[in-house]
Amino acid sequence: MKIDVLTLFPEMFTGPLDVSMVARARKAGLLDLQIRNLRDWTHDRHKTVDDRPFGGGPGMVLKPEPVFEAVEALASEKTRVLMMAPTGRVFTQAMARELAGEEHLLFLCGSYEGFDERIRTLIDDELSIGDYVLTNGGLPAMVIIDAVTRLLPGVLGHDESAHDESFSHGLLEYPHYTRPAEFREMKVPDVLLSGNHAEIEKWRREQSKRRTEERRPDLLE
Ligand code: 4GS
């Protein structure tokens, strides 16, 4: 998969996308990820990307010209253009699975008060990562890239992907334990030490269901 990111803060993206599974996917050639500075598509001496809102009011608005030029330079018919904004649909695992099937994603990260409304004519989807206000769209883009990358064919090991399947079926994870079997008087449940795989599976299913009921009843409706 190819991913381009358009941002005013390319420095933000070093770190999260250079470690762990995303780094591995990039090195293996499964993910071609390019971070691009929106200012590269300005033409004035000050590399202006924003301006004051018509009608007045606080904050600055992202100008249409650099965004149009950048998207026209980077996108083709095969590109899914995604805008990061709290006004978008809230990103879910189902959307991660859908995006993992695309050939090319282009992330548009805003800053300031928002995008000039005409920029919306360029985009295929507007996505939010949750109901809170961030300083810019960099973190949402990184969150989505992380969630999508681990679903790309060949990125996860076999064990890990089978595991993801069960989790994605709408329940929270069951409790996990490792050695020692007793730690500071806290014991691992006997069933997990029993070697009875049918019983273990039943216990885990029950725990998943109970946890989901208690913590995230909204997932069960
Ligand atoms: C989000 C969010 C966000 C909104 C960007 C205010 C700067 C900021 N983007 N999910 N202007 N939550 N964006 O808060 O996607």
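Keep in mind it's a predicted model, so treat the numbers as computed, not measured.

Q: Could you give me a rundown of unusual backbone geometry, with the residues and numbers involved?
A: Residue P180 is reached from R179 by a cis peptide bond, and omega for that bond is 5 degrees. Phi is positive for R184, which is not a glycine, with a value near 50 degrees. Along the polypeptide, R184 turns up in the loop between β9 (182-183) and β10 (186-187). Since its relative accessible area comes to 70%, R184 is described here as exposed. Despite not being glycine, E185 shows a phi value in the positive range, around 70 degrees. Mapped onto the secondary structure, E185 falls in the loop between β9 and β10. Residue E185 is classed as exposed on the basis of its relative accessible area of 73%.

Q: Describe the sheet that holds strand β6 (residues 104-109), with residues and values.
A: As summarised here, the arrangement of the five strands in space is β2-β1-β6-β5-β8, forming an open sheet in which the pairing is parallel. The open sheet has two edge strands with one neighbour each: β2 (32-37) and β8 (125-128). For this sheet, the mean inter-axis angle between neighbouring strands, taken without regard to orientation, is 30 degrees. Of the strand pairs in this sheet, strand β5 (residues 79-90) and β6 are connected by six bridges, and their pairing is parallel. Residue pairing for β6: M84 is matched across the bridge by C109. Contacts between helix α2 (residues 64-74) and the sheet are confined to β1 (2-7), β2, β5 and β6, with β6 contributing the most and set at about 170 degrees to the helix.

Q: Report on the nonpolar core, specifying residues and quantitative values.
A: In terms of nonpolar packing, the biggest core is built from 30 residues, with I3 and F107 touching the most fellow members. Counting only elements with at least two residues in this core, the list comes to β1, α1 (20-27), β5, α3 (93-99), β6 and α4 (138-149). Sort the elements by how many residues they give to this core and α4 lands first, with six residues. Leave out the neighbours within four places in its chain, and F107 touches I3, D4, V5, L6, L82, M84, A141, I144 and I145. If you look at the next biggest cluster of nonpolar residues, it comprises 19 residues, including W41, V71, L122 and I123.

Q: I'd like to hear about the pattern of salt bridges, residue by residue, with values.
A: Here the structure, examined in full by the defined rule, presents 17 salt bridges. For R36, the salt bridge is made with D4, and the minimal N-O distance between the two is 2.9 Å. Of this pair, R36 sits in strand β2 while D4 sits in strand β1; the two residues are 32 residues apart in sequence, bridging distant segments of the chain. The class of D4 is buried, set by a relative accessible area of 1%. One network of salt bridges, in which partners are shared, links R80, R89, E98, E102 and D125.

Q: Now, about the sheet that holds strand β3 (residues 50-51): what can you tell me, with residues and values included?
A: Here three strands make up an open sheet; going across it, the order is β3-β4-β7 and the pairing mixed. Unpaired on one side and paired on the other, β3 and β7 (114-115) mark the two borders of the sheet. In terms of strand pairing, β3 meets strand β4 (residues 61-62) through two bridges, oriented antiparallel. Note that in β4 the partner of D50 across the bridge is L62.

Q: Residues and numbers for the pairing of β8, please.
A: Residue alternation in β8 divides its side chains into two sets, D125 and L127 and E126 and S128, and both sets are buried. Sheet topology places β5 next to β8; five bridges connect them, and they run parallel. Bridging from a neighbouring strand, R89 pairs with L127 of β8.

Basis of the calculations
Residues numbered from 1 in each chain as written. Predicted model: local features only at pLDDT ≥ 70, side-chain atom pairs only at ≥ 80, totals over all residues. Heavy atoms only, no water. Helix = DSSP H or I, 4+ residues; strand = E, 2+ residues; numbered from the N terminus. Buried < 20%, exposed > 50% of the residue type's maximum accessible area, 1.4 Å probe, protein only. Pairing = 2+ DSSP bridges. Axes fitted to C-alpha atoms, helices over the stretch in contact; angles between N-to-C directions. Contact = heavy atoms within 4.5 Å. Core = buried A, V, L, I, M, F, W, Y, C linked by side-chain atoms within 4.5 Å. Salt bridge = Lys/Arg side-chain N within 4 Å of Asp/Glu carboxyl O.

Note that every value here comes from positions in space, so none of it alone points to a role or purpose.
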